[in-house]
Amino acid sequence: MEFERIRFGLITDIHHDLMYKASDRLQAFIDESIKENVDFIVQLGDFCFPIPENEPFLGTWQQFHGPNYHVLGNHDMDICDKEIMMSFLGMKSNYYSFDCGDYHFVVLDANYFLVGDQYMDYAFSNYSKHGKSVGNMTNEQLEWLRKDLSQTDKHTILFSHQSLEETYVGSNVGIYNSDKLREILREANQAAGFHKVIACMNGHNHLDGVKVIDDIYFIHMNSISYHYLGAQFNTVRYSEEITAKHPILRQSVPYEEPLYAIITLEPGLLTIKGKETTYVGPDPLEIGHNNANAGHVVSAKISSRKLKF
C-alpha cells in the first residue's frame, strides 16, 4: 500500500487587532500557501475580533480556496462569546476532526476555566479574572476525543491553542487536566498497536520548541507576529503614531517578517519548513529580559525540523 504525502500551511497568534501590519502578515502567508499548493491551511487561534471592520481581514484568509481550519484562542473571546466568534469564522463546532489523505487531524478547545466542579466558557475576557483555573478541557470533550481516536486507523495530529502539556499554578504553559488528556492519547496508541497519535501542535505562548512526552511530539509554534515580554519592558520600536494605535508594541518584540510554517507528512516523517527573521528594535537580552519562557529560548523563528515517527 502506497501512502500519500500531504502538506499544509500553519500560522498562529496573529493578533490582528493588536499588532501592526497584521493584514500584511496574513497576506504573505496566504500567498505562500497558494504558491506551495498546500492541501489545507490552519490557524491556531488569537486571530481577530468578530467585528465588521475585520471582514476584509477574514477575506484575506479566504483567498485560499482549499480547505481551511480554525482553532479558538483565548483572545478571540476578548469582546464576545464563543458562539459569536465561531459564527464569524464559519466554525460549526469549537472542537472537531477531519481527514486529509492518510492522516487524521483533531481540533481541540481548551478555552475553559473551572469554578468549583463546573467548566465555564471563555467569554468577554472573563478568563483574565480566573488565572489559577484557566486552560481546561471539559469532560464531554475528552470523552469525545477518546471516541474519535478509537474510530480512526490513521496517524493523527492534534491542534490546540494552548499547549497540551501539564500545567501548574503560576505556569503559563499547558492545561490543567493534561493528565486526563494524555492518558487518552496513551490508551489510543496502545490500543492501536502502532504510533497513532504522533504530534500535538499549539500556539498561545509565542515560542519555538519541541518536547517529547509519552513518545508524542508536543510542538510549540511561534506567533506570526511577535513575542510579548511584559509591561516592565517598555521600549519604543515604531513612530509615536504607530505606537499610539498599537500600544502592545512597547511591551513586545515584534518580528520584522511574518513567521509561518509549511508542514509535510509522509510515511514516518513530519517535516516543518519554518522561517527565521529578526526583531524590530532591540532583542530581549538587550533590554534586560532573560530570553527564556517555559523551558524554551525566546526567538524570532519557527525552526525547520524533521521529526520521525
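Predicted model, so just to flag it, every value in this text is computed and none were measured. (Residues numbered from 1 in each chain as written. Predicted model: local features only at pLDDT ≥ 70, side-chain atom pairs only at ≥ 80, totals over all residues. Heavy atoms only, no water.)

A. Region of interest: the environment of Leu145. Residue placement: Leu145 occurs in helix α4 (residues 139–150). Sequence separation of Leu145 and Leu185 is 40 residues, and the distance between their C-alpha atoms is 9.0 Å. Apart from residues lying up to four places away in sequence, Leu145 is in contact with Val106, Leu108, Leu181, Ile184 and Leu185. (Helix = DSSP H or I, 4+ residues; strand = E, 2+ residues; numbered from the N terminus. Contact = heavy atoms within 4.5 Å.)

B. A look at the sheet that holds strand β9 (residues 197–202). Read from one edge of the open sheet, six strands run β4-β5-β8-β9-β11-β10, paired in mixed fashion. This sheet does not close on itself; its edge strands, each paired only once, are β4 (96–100) and β10 (209–213). For this sheet the average axis-to-axis angle between neighbouring strands, irrespective of direction, equals 20°. Of the pairings in the sheet, the one linking β9 to strand β11 (residues 216–220) comprises four bridges and is parallel in character. (Pairing = 2+ DSSP bridges. Axes fitted to C-alpha atoms, helices over the stretch in contact; angles between N-to-C directions.)

C. Fine view of the packing of aromatic side chains. Inspection of every chain in the model, using the stated rule, returns 19 aromatic pairs. Their ring planes at 45° and their centres at 4.9 Å tell us that Phe47 and Phe57 sit as a pair that is tilted. Of this pair, Phe47 sits in the loop between β2 (40–43) and α2 (55–61) while Phe57 sits in helix α2, placing them ten residues apart in sequence. Residues Phe47 and Phe57 agree in their burial class; the two are buried. Here the aromatic residues Phe8, Phe40, Tyr69, Tyr96, Phe98, Phe105 and Phe159 are joined through ring pairs into a cluster of three or more. (Phe/Tyr/Trp six-rings, centres within 6.5 Å; stacked < 30°, edge-to-face > 60°. Buried < 20%, exposed > 50% of the residue type's maximum accessible area, 1.4 Å probe, protein only.)

D. Looking closely at the state of the cysteines. Tallied over the entire structure, the rule returns zero disulfides. Cys48 takes part in no disulfide bond, and the closest cysteine sulfur, belonging to Cys80, lies 9.5 Å away. Its relative accessible area of 2% is what places Cys48 among the buried residues. Looking at the unpaired Cys100, the closest cysteine sulfur is the one in Cys200, lying at 19 Å. Judged by its relative accessible area of 14%, Cys100 falls in the buried class. (Disulfide = S-S within 2.5 Å.)

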